[in-house]
Amino acid sequence: MHSLSILQLASFGILFQGTLAAVVDVPPGLTPPRPEGFEKREVKKCNADNCARAVTGTFRGLQATRLADCSAFMQCTVTPVPITQTTHITETLDPVTETSVTGLTETSSATVTVTQTLPWGEVKRRDEGEPTATPITNCPSVVPTYASACSGVVRYESACACGGISKSYTTLEAETIIVSKFATETPDKVIIPSTSLTTITNTATATATVNAYPTDRVGVFVEGGPYDGQRLVSVSGNAPGGYSWRFWPSANWDAYVFQSDGTVIENGYDYLRLGPNEELGVPYSRGDANWLEKIKLEVTKNAEGKTYIKAIGSRTVFQICPTDGIHPSVPWGRLSAQLRPGCTELTALRLKVIPNQ
């Protein structure tokens, strides 16, 4: 049988007059009602066991050190979810313009594209809203070795709490992730009205004849530079030297005949070849292995009627080199892929036709 207090009976609507009894009996099976605001509270008990003694340090007088370890252990960090920000960049394209012509007997229209540099659109930033992921909480999980009497993290934290150390949480600053999104904006077409249009067409024709090889014997002269007007002649040295191109102020010999493939025969003797020192000329003896491939020349006539020659292939730099041990008498001609130190490049060689020779 249960006993009810006067206040509990009052909650059932039972009133007494006169002297009130402090305790009444409750019939079996009836649960006494709880007054408003009643809560069941559990008092947390701190056990004075080996775990608590090891953590609080009372066993050996290490209380300050052990409680400092508790303070470090009870500090947790919370890493929030990154915040995503989107940057919207809008590029405004150049407008397309069109000219409309009216009022002419013969109407013609043309489309004119006007290039105009327009500023880019404003950069708009917005947050993507609240994160949907869960923040990450990191707490220490390694119990000190001296607290081996504690069965794990829960017991260790409970002992620290009994020592007056509460668990604390530090929230870090959220990382911001910026995402850029690009878009283009095309403006409306711009129509430019016009009342008249005059079209003037100027046609200029420049004619250059290439690979029109002369059929007569010709002479070759230098144009421009310190050797202007000097003629290319072949001078024979010894047998290994062959007939190499030299430059003389005046000479009335040496004539060259072009073949259909651009090669040149000199004085009816042999083909113009590339010498051992990249010099121009013909070998002393036909078939001399020291002299390399045949030289092919391209002929071009300009609007003034002047005819020029240039080499075809990888070696295209005509140059005049000063006298040296192999060519001691006069400057000599050389054909190479690059200008040799001390030599003078011939930007053009004038080709003069010599009739009846």
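Residues numbered from 1 in each chain as written. Predicted model: local features only at pLDDT ≥ 70, side-chain atom pairs only at ≥ 80, totals over all residues. Heavy atoms only, no water.

Chemist: Please clarify how the state of the cysteines should be interpreted in this entry.
Modeler: Should the sulfur atoms of two cysteines be covalently bonded, the bond is a disulfide. Under the criterion given, the structure shown has 5 disulfides. In this model, C46 is linked to C162 through a disulfide, with the two sulfur atoms separated by 2.0 Å. Looking down the S-S bond of the C46 and C162 bridge, the torsion is -90°, so its handedness is left-handed. Separated by 116 residues along the polypeptide, C46 in the loop between β2 (24–26) and α2 (50–56) and C162 in helix α4 (residues 153–162) bring together distant segments of the chain. Given a relative accessible area of 45%, C46 falls into the partly exposed group. Paired by a disulfide, C51 and C150 hold their sulfur atoms 1.9 Å apart. (Disulfide = S-S within 2.5 Å. Helix = DSSP H or I, 4+ residues; strand = E, 2+ residues; numbered from the N terminus. Buried < 20%, exposed > 50% of the residue type's maximum accessible area, 1.4 Å probe, protein only.)

Chemist: Before we go on, may I ask you to explain the nonpolar core in this structure?
Modeler: Across soluble globular proteins, nonpolar side chains show a tendency to be buried alongside one another. Counting residues in each nonpolar core, the largest one holds 25 residues, and the members touching the most others are F258, L297, I309, F318 and L349. Mapped by element, the contributors of at least two residues to this core are β12 (218–222), β14 (243–248), β15 (256–258), β20 (297–301), β21 (307–311), β22 (317–321) and β25 (349–353). Take this core: its biggest share by element is 3 residues, from β12. (Core = buried A, V, L, I, M, F, W, Y, C linked by side-chain atoms within 4.5 Å.)

Chemist: Just checking my understanding: could you explain the sheet that holds strand β7 (residues 136–138) for this structure?
Modeler: Strand pairing in a sheet takes place through backbone hydrogen bonds and is either antiparallel or parallel in direction. As summarised here, the arrangement of the 3 strands in space is β7-β3-β8, forming an open sheet in which the pairing is mixed. Two strands lie at the open edges of the sheet, namely β7 and β8 (168–171), each paired on one side alone. When strand polarity is set aside, the average angle formed by the axes of neighbouring strands in this sheet is 25°. Across 3 bridges, the pairing between strand β3 (residues 75–79) and β7 is antiparallel. For V78, the partnering residue across the bridge sits in β7 and is T137. (Pairing = 2+ DSSP bridges. Axes fitted to C-alpha atoms, helices over the stretch in contact; angles between N-to-C directions.)

Chemist: Help me understand the environment of R286 in this model?
Modeler: Mapped onto the elements, R286 comes out in the loop between β19 (280–282) and β20. Sequence spacing of R286 and Y271 is 15 residues, and the spatial spacing of their C-alpha atoms is 9.1 Å. With sequence-adjacent residues up to four places away left out, R286 is seen in contact with G268, Y269 and D270. Of the polar contacts made by the side chain of R286, one reaches the backbone oxygen of Y269; its length is 2.3 Å. (Contact = heavy atoms within 4.5 Å. Polar contact = N/O pair within 3.5 Å; in protein donor to acceptor, adjacent residues only side chain to side chain.)

Chemist: Help me understand helix α3 (residues 63–73), please; the structure alone is not making it clear to me.
Modeler: An α-helix turns once every 3.6 residues. As a result, residues three or four positions apart point the same way. What α3 keeps buried is the set R66, L67, C70 and F73. End-on, the buried residues of α3 take up no more than an arc of 110°, which puts them together on one face. Residues of α3 that are buried sit in contact with α2, β3 and α4. (Arc of directions from axis to C-beta.)

Chemist: I would appreciate a short explanation of the packing of α3 against α4 in the present structure.
Modeler: Each pair of packed helices can be described by the angle between their axes along with the distance between the axes. For the pair α3 and α4, interaxial distance at closest approach is 10 Å and the crossing angle is 120°. Looking at the two axes, α3 sits oblique to α4. When the axes of α3 and α4 are compared, the crossing they make is left-handed. Between α3 and α4, the residues in contact are D69, C70 and F73 and V153, Y156, E157 and C160, respectively. (Parallel < 35°, antiparallel > 145°, perpendicular 65-115°, else oblique. Left-handed = near helix turned anticlockwise from the far one by under 90°.)

Chemist: What is the right way to look at the side chain of Q319 in this model?
Modeler: Tracing the backbone shows Q319 in strand β22. From its side chain, Q319 meets the backbone oxygen of Q338 in a polar contact 3.1 Å long. Discounting chain neighbours no more than four positions away, the residues touching Q319 are W332, G333, R334, S336, Q338, L339, R340, C343, T344, E345 and L346.

Chemist: Any chance you could explain the pattern of salt bridges here in plain terms?
Modeler: Note on pairing: side chains with opposite charge can pair once their charged atoms come close. Tallying each qualifying case throughout the model produces 9 salt bridges. Between R273 and D270 there is a salt bridge whose closest N-O contact spans 3.9 Å. Neither residue differs from the other here; R273 and D270 are each classed as buried. Taking the shortest distance from any N to any O, the salt bridge between E293 and R315 comes out at 3.0 Å. In this pair, E293 is assigned in the loop between β19 and β20 and R315 in the loop between β21 and β22, connecting sequence segments 22 residues apart. Residue classification places E293 among the partly exposed residues on the basis of a relative accessible area of 40%. Residue class for R315 comes out partly exposed when judged on its relative accessible area of 25%. Each of the salt bridges in this network shares a partner with another, and the network as a whole consists of E278, E293, R315 and R334. (Salt bridge = Lys/Arg side-chain N within 4 Å of Asp/Glu carboxyl O.)

Chemist: What is the right way to read the packing of aromatic side chains from this model?
Modeler: Ring pairs (aromatic) are described by centroid distance and by the angle formed between their planes. Scanning all chains against the criterion turns up 2 aromatic pairs. Ring centres 4.8 Å apart and planes at 85° place the aromatic pair F73 and Y156 in the edge-to-face group. You can see F73 sitting in helix α3 and its partner Y156 sitting in helix α4, a full 83 residues away along the chain. Comparing F73 with Y156, the two get one shared label, buried. With centroids separated by 5.7 Å and ring planes inclined at 50°, the aromatic side chains of W245 and Y256 adopt a geometry described as tilted. Taken together, the residues span a long stretch of sequence, with W245 in strand β14 and Y256 in strand β15 at a distance of 11 residues. The pair formed by W245 and Y256 is uniform in burial state, with each residue classed as buried. The cationic tip of R66 hangs over the ring face of Y146; the distance from NZ or CZ to the ring centre is 3.7 Å. Taking the ring centre of Y269 as reference, the NZ or CZ of R286 above it sits at 4.2 Å. (Phe/Tyr/Trp six-rings, centres within 6.5 Å; stacked < 30°, edge-to-face > 60°. Lys NZ or Arg CZ within 6 Å of the ring centre and 35° of its normal.)

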